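Architecture at a glance
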Amino acid sequence: MTKILSFFFYLLILVSCSSKNPNTECFENRYPFQDAPDKADILNLSYGIMEGKVSGEYNWLPLEKDKRIGHFEGSEKNGVITAQYYFEQEGISDSTQIQITISEQKAIVKEPGSNFGFEAEIMRIHCD
């Protein structure tokens, strides 16, 4: 049941990102392979705010390794999102609290407890 709900939530986020909702924010880093620049590992983050609640997705998509795909739900105050992040990696589902600091050019993702090592700076991009 959890996988079905996660799938529908993921579809909801994809639709909201592609709908050009003015409240949707998108961030992405691409790490091209040195010997094959057309191939890249990708780190992406997108979220939307509706009725004071923040929901979005945060994914680590290495080309040749296991992916971490997940979504988060929380709140925003003064440019800082505090959320619960639900993710799946290597066939295992888990969750942790994350904090996302938003600036004009980037998002900084941190995990206050440092249990899973989530820490990244992701550059702002235009949502397609």
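Overview of the structure. Because the structure is a prediction, the values reported are computed rather than measured.

**Describing the state of the cysteines**
This structure, assessed with the given rule, holds 1 disulfide. Across the disulfide from cysteine 26 sits cysteine 127; the S-S distance is 2.0 Å. A torsion of 115° about the S-S bond marks the disulfide between cysteine 26 and cysteine 127 as right-handed. You can see cysteine 26 sitting in strand S1 (residues 24-33) and its partner cysteine 127 sitting in the segment after strand S8 (119-125), a full 101 residues away along the chain.

**Re the sheet that holds strand S5 (residues 80-89)**
The 8 strands are arranged S1-S2-S3-S4-S5-S6-S7-S8 in a closed barrel whose pairing can be described as antiparallel. If you compare each strand with its neighbour and ignore which way they point, the axes differ by 30° on average.

**Here we look at the nonpolar core**
Looking at soluble globular proteins, one finds that nonpolar side chains tend to be buried together. Counting residues in hydrophobic clusters, the biggest one holds 19 residues, and the most contacted among them are Leu45, Tyr58, Phe72, Ile81, Ile100 and Ile122. Counting only elements with at least two residues in this core, the list comes to strand S2 (36-50), strand S3 (53-61), S5, strand S6 (92-102), strand S7 (106-110) and S8. Residue contributions to this core peak at 4 residues, all from S5. Ignoring any residue separated from it by four or fewer positions in sequence, one finds leucine 45 in contact with Glu25, Cys26, Phe27, Glu57, Tyr58, Phe72, Ile100, Ala107, Val109 and Ile122.

**Considering the pairing of S2**
As paired strands, S1 and S2 are joined by 10 bridges and run antiparallel to one another. For glutamate 25, the partnering residue across the bridge sits in S2 and is tyrosine 47. Hairpin connection, S1 to S2: the antiparallel pair is bridged by 2 residues. Here S2 folds back onto S3, and the loop between the two strands holds 2 residues, one of which, glutamate 51, carries a positive phi near 50°.

**Some details on the packing of aromatic side chains**
Geometrically, a pair of aromatic rings is defined through the distance of the ring centres and the angle of the planes. Here the structure, examined in full by the defined rule, presents 4 aromatic pairs. Pairing tyrosine 85 with phenylalanine 87 gives two aromatic rings, centres 5.2 Å apart and planes at 20°, and the pair type is stacked. Each member of the aromatic cluster is reached from another via a ring pair, and the members are Tyr58, Tyr85 and Phe87.

**Re the pairing of S6**
Looking at chain direction, S5 and S6 are connected through 10 bridges and run antiparallel. Looking at the pairing, isoleucine 81 lines up with isoleucine 100 of S6. The turn joining S5 and S6, which pair antiparallel and follow one another in sequence, is formed by 2 residues; a positive phi near 55° is taken by glutamate 90. Pairing geometry for S6 and S7, over 4 bridges, is antiparallel. Residue pairing across strands places isoleucine 102 opposite alanine 107, the latter belonging to S7.

Conventions and cut-offs
- Residues numbered from 1 in each chain as written.
- Predicted model: local features only at pLDDT ≥ 70, side-chain atom pairs only at ≥ 80, totals over all residues.
- Heavy atoms only, no water.
- Disulfide = S-S within 2.5 Å.
- Helix = DSSP H or I, 4+ residues; strand = E, 2+ residues; numbered from the N terminus.
- Pairing = 2+ DSSP bridges.
- Axes fitted to C-alpha atoms, helices over the stretch in contact; angles between N-to-C directions.
- Core = buried A, V, L, I, M, F, W, Y, C linked by side-chain atoms within 4.5 Å.
- Buried < 20%, exposed > 50% of the residue type's maximum accessible area, 1.4 Å probe, protein only.
- Contact = heavy atoms within 4.5 Å.
- Phe/Tyr/Trp six-rings, centres within 6.5 Å; stacked < 30°, edge-to-face > 60°.

By themselves, these figures tell us nothing about what the structure is for.
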